[in-house]
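A look at the structure
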Amino acid sequence: MVAVVVAVSGCRPSAPDAKGWQSSAEQAVSDMVSEVATSRLTVRQALRHRFVGRYEVVTLTYAEEAARKAADGVSSLQPPPSARPGYDELTAGLTDAADAISRARVAVTDRDAQTARTSASALTRELARLHRLQDRLRAAR
Amino acid sequence: MKKVFAVALGILTAIGGFVDIGDLVTNAQVGARFGLSLAWVVIVGVVGICVFAEMSGRVAAVSGRAVFDLVRERLGPRVGMVNLFGSMAVTLLTFVAEIGGVALSLELVSSVNEVLLVPFVAFLVWAVLWRARFSVMENVLGLLGLSLVVFVVALWKLGPDWSQLAHQWVTAAKPGDETWWTWSYYAVALFGAAMTPYEVFFFSSGGVEEKWTTEEMGTMRTNVFVGFPLGGILSLAIAGCAGVALGPLSITVDSLGQVGLPVAIALGKLGLAVAIVGFVAATFGAACETGLSAGYSIAQYFGWQWGKLVRPDAAGKFHLVLVLSTVLATGVLMTTVDPILVTEVSVVFSAVALPLTYFPILVVANDHDYMGKHVNGRLANSLGMFYLVVIVVAATAAIPLMVVTGMGS
């Protein structure tokens, strides 16, 4: 019995039930909000020349890695049927947010102030989108 | 004048040496998510570490012997071995986290991947343990660790709503979007970070290294009862900065870079540079202390020659433990495990191991044969017993809370 439970729960792709999916999706969006907010704050402070060494680049790199992990965490799951309607919107939102962080990192590493300003605006838009996703997920509880 | 200088130096190094990677990360995480609503845990933890550090320092000053030396003798080899095993596991885990913390701190300014920095950092730590004088190591790193006072200045410059911070502190109110489970998990983690076992091993063994006698007990107590609480203020300032600058943006702390962001916002380049010096000094100092604590614990249990004042060829086994611990920590970090994750695990397991560390200290400090007229008084015993209950509750709850909350997520 234990072997069957272990074998089923260990299937790839991992297929959580509706509650498990909801929890994973909320966690991923919440993590992504944190990483996008960190990146926007870092870019804004970098534009104001408030960092020493490569502090801003390292901070953005860590935010980028964590953002990819959050996006991959959800996209690698098998959504339950009840979650299909919002699935594309969720995964696209997470992927776009992670991409926006990557573009911000590239601009800051290149010391390209103009592109960095554009990236900060893009991060603000992604943040608003993630907050809408977050509200929708909460409402679906 | 010389005595005043010694006391002042002791207090300053106690403040600077109080914070380590566990305090840096956990306080910033808690501050960003809970504001100052868990500040009371830091206060409870600081009073607890003061109570037991004073006891272990007094044991060292009166008996001229360190804690593990007496634990084995007083409680027998079997209980001593359980105590050694639990405490060593947590101390080694903390040692790994501290070396990783130094590498992460250096990565912030160099952008060299922390995994590549680990062997370099580990070699430096070992070289300091091998060659540097005990007082130089303790004082230089402790004083540089004082740079973290920059978080107090940054908090002031951020201009928070002080009445709101005070309200969070006094009411200990849980934020609405957090559960009681996560609130409790972080309370236990903060408590574990404040009362990390290595601190008392290092403190008592350091007392033996520096040949404390009963005449130095006044200085020792001043260092503990003034230096540690002031060090606790640094912890609260780190939490306060994260609560003011990161919390409102829904930022949860998962990298060391995020811990320093509030300082960059408030004070710019200069402030951030000072904070990074503080990060490096605090983690490097703690790496040396945990490395030595690993050597002290094993050598004292087995009755080997130990200490930095003993010639290395006379304390070969002690130095071998230092080398092996350093190699082990390097090996673990070279697997690319996230040092922040190691830190999070180490503070929780610190909480689990607390009874194994603090119960024997209470027993030895109550033994008339060892302590004579300096045996625990009524106040020390009341506080010791109270903390033993708190410690057992925290130790029992730590693992279940870690599982239930998925490590606080």
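Please read all numbers here as calculations on a predicted model, not as lab measurements. (Residues numbered from 1 in each chain as written. Chains lettered and ligands numbered in written order. Predicted model: local features only at pLDDT ≥ 70, side-chain atom pairs only at ≥ 80, totals over all residues.)

Comments concerning the overall build of chain B
Rule in force here: Strands are runs of DSSP state E lasting at least two residues, helices are runs of H or I lasting at least four, and both sets are numbered from the N terminus onward. A radius of gyration in this sense is built from C-alpha atoms; the matching globule rule multiplies 2.2 Å by the number of residues raised to 0.38. With C-beta atoms placed from the backbone, a contact is any residue pair whose C-beta atoms sit within 7 Å.
From N to C terminus, chain B includes 16 helices and 0 strands. Compactness check: chain B gives a C-alpha radius of gyration of 20 Å against a globular reference of 22 Å for 409 residues, within 12% of the reference. Counting only C-alpha atoms, chain B reaches 55 × 50 × 45 Å along its principal axes. Across chain B, the fraction of contacts at a sequence separation of at least 24, relative to all contacts at a separation of at least 6, is 86%.

Things to note about the overall build of chain A
Using the following cut-off: Counting other C-beta atoms within 10 Å of a residue's C-beta gives its exposure: the residue is buried at 20 or more, exposed at 12 or fewer, and partly exposed in between, where C-beta atoms are placed from the backbone.
Secondary structure assignment for chain A yields 5 helices and 0 strands. C-alpha extents for chain A along the principal axes are approximately 60 × 30 × 15 Å. Scored against the burial criterion, the 141 residues of chain A give a buried share of 40%. In chain A, of all internal contacts separated by at least 6 residues, the share reaching a separation of at least 24 is 80%.

Re unusual backbone geometry
For A:H49, which is not glycine, the phi dihedral falls at a positive 55°. With respect to the helices and strands, A:H49 occurs in the loop between helix 2 (18-47) and helix 3 (55-75). Residues other than glycine seldom take positive phi values, yet B:K211 does so here, at roughly 55°.

Observations regarding the interface of chain B and chain A
As a reminder, the rule being used: Residue type decides the class: Asp, Glu, Lys and Arg count as charged, Ala, Val, Leu, Ile, Met, Phe, Trp, Tyr, Cys and Pro as nonpolar, and the leftover types, Gly among them, as polar.
Facing 21 residues of chain B, the contacting portion of chain A comprises 18 residues. If you list the elements that add at least two residues to the side of chain B that touches chain A, you get helix 4 (67-110) and helix 12 (256-302) of chain B. With 9 residues, the single largest contributor to the side of chain B that touches chain A is helix 12 of chain B. A class-by-class count of the residues in the side of chain B that touches chain A yields 9 nonpolar, 9 polar and 3 charged.

Fair warning: the whole summary comes from geometry, so function is off the table for now.
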